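Residues per chain are reported as follows:
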Amino acid sequence: MAAGFASLAVDQQSPARICKVCGDKIGQKENGEVFVACHVCGFPVCRPCYEYERSEGNQCCPQCNTRYKRLKGSPRIPGDEEDNSDQEDFDDEFQIKNRQNDSDGRQHVSNLSSTENVDFNHQQWQPNAQAFSVAGSTAGKDLEGDKEIYGSEEWKERVEKWKVKQERRGLLSNDNGGNDLPEEDDYLLAEARQPLWRKVPIASSLISPYRIVIVLRFIVLAFFLRFRILTPAYDAYPLWLISVICEVWFAFSWILDQFPKWFPIRRETYLDRLSLRFEREGEPNQLGAVDVFVSTVDPLKEPPIITGNTVLSILAADYPVEKVCCYVSDDGASMLTFDSLAETAEFARRWVPFCKKHNVEPRAPEFYFNEKIDYLKDKVHPSFVKERRAMKREYEEFKVRINALVANAQKKPEEGWVMQDGTPWPGNNTRDHPGMIQVYLGSAGALDVDGKELPRLVYVSREKRPGYQHHKKAGAENALVRVSAVLTNAPFILNLDCDHYINNSKAIREAMCFLMDPQFGKKLCYVQFPQRFDGIDRHDRYANRNVVFFDINMLGLDGLQGPVYVGTGCVFNRQALYGYDPPVSEKRPKMTCDCWPSWCCCCCGGSRKKSKKKGEKKGLLGGPLFSKKKKMMGKNYVKKGSAPVFDLEEIEEGLEGYEELEKSSLMSQKNFEKRFGQSPVFIASTLMENGGLPEGTNSTSLIKEAIHVISCGYEEKTEWGKEIGWIYGSVTEDILTGFKMHCRGWKSVYCVPKRPAFKGSAPINLSDRLHQVLRWALGSVEIFLSRHCPLWYGYGGKLKWLERLAYINTIVYPFTSIPLLAYCTIPAVCLLTGKFIIPTLSNLTSIWFLALFLSIIATGVLELRWSGVSIQDWWRNEQFWVIGGVSAHLFAVFQGLLKVLAGVDTNFTVTAKAAEDTEFGELYLFKWTTLLIPPTTLIILNMVGVVAGVSDAINNGYGSWGPLFGKLFFAFWVILHLYPFLKGLMGRQNRTPTIVVLWSILLASIFSLVWVRIDPFLPKQTGPILKQCGVDC
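Residues numbered from 1 in each chain as written. Predicted model: local features only at pLDDT ≥ 70, side-chain atom pairs only at ≥ 80, totals over all residues. Heavy atoms only, no water.

> Any chance you could explain the overall build of the protein chain here in plain terms?
On a plain count of helices and strands, the protein chain comes out with 35 helices and 15 strands. Here the protein chain, with 1033 residues, has 51% of them falling under the buried criterion. Residue pairs at least 24 apart in sequence account for 78% of intrachain contacts in the protein chain once pairs closer than 6 positions are excluded. Surface accessibility of the protein chain: about 50300 Å² in total, with carbon and sulfur atoms responsible for 57%. (Helix = DSSP H or I, 4+ residues; strand = E, 2+ residues; numbered from the N terminus. Buried < 20%, exposed > 50% of the residue type's maximum accessible area, 1.4 Å probe, protein only. Contact = heavy atoms within 4.5 Å. Areas by Shrake-Rupley, 256 points an atom, 1.4 Å probe, with all protein chains shown as cover.)

Structure follows, in structure tokens:
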């Protein structure tokens, strides 16, 4: 015991250096000195990473690129003979693990797993001990498990294969047969130290031809535009000028869209390693806590049963219950949402244990019970069928109760809604009501039917008063940020729409593989998941799945600074939402060459030391806000308005090392209040990097403080919505929020698990789909006309150029609607007037036209090849790009200009969620809207133009058919792109397909004109034409 305390004291007195590779603490050598891997630059690396780099890596220091020399106790590798080391330490060739008994052995392995105060040179030789190498213990990457870890035959096979590979490498001693092999605990330790994720680059055979074709297309496009500009059509000069302007704009928009896809990558996570590292048996769970935000407004347009399924999938997620808290924001202050959430909490007491017992997927009951798959697959529990039937019956009863609540909510009483205890509902006036918070479940709430704890569920409705700007969804999300910081303060936040349920119960773990990475995770602002949808017809007529964007564009952005934030399915780092900068990593000094004499590198060595000192100085004085936030301001707070529930002096006791932080404070009290608002509890929570609540707080006082931070006047004269939280100023607050984070230097990650993480519902009706696209485009126009426009904002920041091009594309694309509308009208005008935008083609110009079309086709084919997107999805995306461009995007441009320049605000209508009627019944429902006028006009114009052009060619003879083909090609290009729109206008066609009707009209018109031209029933005269002379003979 005395020796143990002595060693502990030494560990506490030694400087705590952190390994720059894995993030663990660096141990000591036998003499008590800190382990140093590289004696040239002193780059901090722990012993296991040093051994792993020598055995599996490039055997060089990551900083100065000097080859690692063999240290005492390290196994030999090829190339060690070149070192000038004559020592033969055969006894230390293999590191020996000292086990006194089983309990001490387990405790020792636990200490090794935690990587705290590890000393790999303190091993002593014992005859019966098992010999293994440190390099071998970290070589567990050879087995990357995808299946269950404990108690399976596959696991034993993996361990055996790992042992065999280590024997072949000479890293394991096999003198005494099987008795000298390491135990499973050593393998678990090795596996836990491996990276939690890895990049999977696109194969060069797929991406290299793609890049070559992009460059060739750019060159061909330049020559094509040169030809178009230098060869005007003088007989149709206005049409030619309009067409050239349109083509130049299309080329510009193609560059904005194409070049951010230059470096596409994929990522792969290792969930088993995450569990091994942060969920060790016998130790507290170290996974990061997550606050989940669900936002809803109108329960009549966003059905409570859908919101309830989303909440149930969150509560049943495969994550420690004490680490999850679900916040539901009811921005409509509806009693229907409040009551349905109470019913959902009660049903969760039975649903959650059922899901975790039988490991069912997905964990939203509506979609689980409606799945058309074999639900008995991989189920071995004898009571599963019986329990599933009982659970399905209980869910149907739950749906009936929700339907009864919805039916009662259709007619509001004159005196307003009354709660069960007889008190009036505070939210009877949705525009003038106090803030409301109700906590369900959790540690202080109801347990499940098995007596186990459930995740906490919190209902939040922020205060609203006349005369205040509430900022719609962005304001509601910011209110949830403050409430969650006061009540739970989890370091990570998952944001979901009410119709996006968790389809993969391990989705949160997937995000933690990135956010809890010891080095990379500190620089991440969020992990974005792709959006996947249910209830879409097989042909995806209106490109609701948006596959091209999520499976091509987002992968390209992931290779740059990260994907854009799309509004849902995103796990945030809470510190990034507070407007802090990411931690600045020290720049590596310039590498020196070992082949030159030492006196030649003296200047380099001096510069290296100098740069290191500069880096330290920068970290102290010019460090990021991420480190500044720990340094607090003065104690005394002066509150304005309502008195706070907590005093800052009470919170000080819960912060470790507060006195030291106060001495080095960089932000005053007033600066903190101006930035975050007047809430000492919330300000204290922002100073806690790893989350958690300050000591000395109680739930009652926290609830009162949470009510205070959601008051309608809390954000006045603060930076909320400007630099903190969701950014205001656009209906698409998601793009603006992610853009601000990337400008500060944060990175984001795109996570695409094999099983989709989240699924939602999309409007499959044409009118609803166009209104949804209108909202997105309107938000982009608002950003374009604001100070946050990527064209001129953030040039002094850390936004990469290709990332900036991608953001410019997201706010410029609505303006493409104007040249697109003009370009789609030109073919009809040419057919009706007999003129054309292109003069007579020569052989050389024909080659440029052909090369342009071939490069367009080749780019699309190669893009589909590396991304795996089907040609049908790609074609649907192209069609809806034209449909949305000539309708929703066009209206968004004019509405945005009116809103920003003239102050005429347009109300945003919540997109109706799919009802449970007949399958795809919404698809054929016709809803008239003004957005349908421009596409309908274009179709009619081009169809009339085709008929007029063919009739003119028939009348003028064979010489006019040549120029006609070019005009007909462009006209049919427009009609083919608008065909899904035409199909939506015609509604359900049970007997006659739309294409038959379309071709029938065209062919009937053409044959009628031919018939008139031939005139078969008129008598044909042969010989001279006789006319009456007018003389009376």
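> Is there a simple way to think about the pairing of strand 4 (residues 265–269) in this case?
Consecutive side chains along a regular strand alternate between the two faces of the sheet. Because side chains alternate across strand 4, one face comprises the buried residues I265, R267 and T269, and the other comprises R266 and E268, none of which is buried. The pairing of strand 3 (residues 197–201) with strand 4 spans five bridges and is classified as antiparallel. The residue bridging P201 from the neighbouring strand is I265, located in strand 4. (Pairing = 2+ DSSP bridges.)

> Sorry if this is basic, but what is going on with the pattern of salt bridges here?
Where charged atoms from two side chains of opposite charge approach closely, those side chains can pair. Overall, the coordinates contain 30 salt bridges when judged by the stated rule. For D432, the salt bridge goes to R465, with nearest N and O atoms at 2.6 Å. Within this pair, whereas D432 is found in the loop between helix 13 (384–408) and strand 7 (436–441), its partner R465 is found in the loop between strand 8 (456–461) and helix 14 (472–487), the two being separated by 33 residues in sequence. Taking relative accessible area as the criterion, D432 reaches 29% and is therefore assigned partly exposed. A residue is classified by how much of its surface remains accessible, and R465, at 27% relative accessible area, is partly exposed. Sharing partners across several salt bridges, the network here consists of E279, D318, K506 and R509. (Salt bridge = Lys/Arg side-chain N within 4 Å of Asp/Glu carboxyl O.)

> Even after reading the chapter, I still don't get the packing of aromatic side chains, so can you show me in this structure?
Describing an aromatic ring pair means giving the distance of the ring centres and the angle of the ring planes. Taken as a whole and judged by the stated rule, the model has 50 aromatic pairs. Residues F784 and F815 carry aromatic rings whose centres are separated by 4.7 Å and whose planes lie at 55° to one another, so their mutual orientation is tilted. One end of the pair, F784, is in helix 26 (residues 766–784); the other, F815, is in the loop between helix 27 (801–812) and helix 28 (817–833), with 31 residues separating them in the sequence. Geometry around F880 places R769 over its ring, the cationic atom sitting 4.6 Å from the centre. Positioned over the ring face of Y795 is R804, at 3.8 Å from the centre of the ring. (Phe/Tyr/Trp six-rings, centres within 6.5 Å; stacked < 30°, edge-to-face > 60°. Lys NZ or Arg CZ within 6 Å of the ring centre and 35° of its normal.)

> Would you mind showing me how to read the sheet that holds strand 11 (residues 524–528) here?
Strand pairing in a sheet relies on backbone hydrogen bonds. The paired strands run either parallel or antiparallel. Read across the sheet, eight strands follow the order 7-8-6-5-9-13-11-14 without closing on themselves; strand pairing throughout is mixed. Each edge of the open sheet carries a strand with a single partner, namely strand 7 and strand 14 (747–750). Between one strand axis and the next, the sheet turns through 20° on average, direction left out of account. Two strands pair when backbone bridges link them, and strand 5 (residues 290–296) and strand 6 (residues 324–330) are joined in this way by seven bridges, in the parallel orientation. In the sheet register, V294 faces strand 6, and the bridge partner there is V328. The strands touched by helix 14 are strand 5, strand 6, strand 7, strand 8 and strand 9 (492–497); relative to strand 5, the strand with the most contacts, the crossing angle is about 150°. (Axes fitted to C-alpha atoms, helices over the stretch in contact; angles between N-to-C directions.)

> Just checking my understanding: could you explain unusual backbone geometry for this structure?
In most cases, non-glycine residues show a negative phi, while peptide bonds are predominantly trans. The peptide bond linking E361 to P362 adopts the cis configuration, its omega dihedral lying at -10°. Relative to the assigned elements, P362 resides in the loop between helix 11 (335–358) and helix 12 (365–369). One non-glycine residue, H471, lies in the positive phi region at around 65°. Tracing the sequence through the fold places H471 in the loop between strand 8 and helix 14.

> Would you mind showing me how to read the UniProt feature "transmembrane region" (unreviewed entry) in the protein chain here?
Look at the UniProt record and you will see "transmembrane region" (unreviewed entry) annotated at residues 208–225, 237–256, 811–834, 846–868, 880–902, 923–944, 964–982 and 994–1014. Regarding residues 208–225, the helix share stands at 100% and the strand share at 0%, and the terminal C-alpha atoms are separated by 26 Å. Helix makes up 96% of residues 846–868 and strand 0%. Its end C-alpha atoms lie 33 Å apart. (UniProt positions renumbered as here; feature names shortened; annotations may be inferred.)

> I would appreciate a short explanation of the sheet that holds strand 15 (residues 758–761) in the present structure.
A sheet is described by the order of its strands in space; here three strands give the open sequence 10-15-12, paired in mixed fashion. Only two strands of the sheet have a single neighbouring strand rather than two, namely strand 10 (501–502) and strand 12 (532–534).

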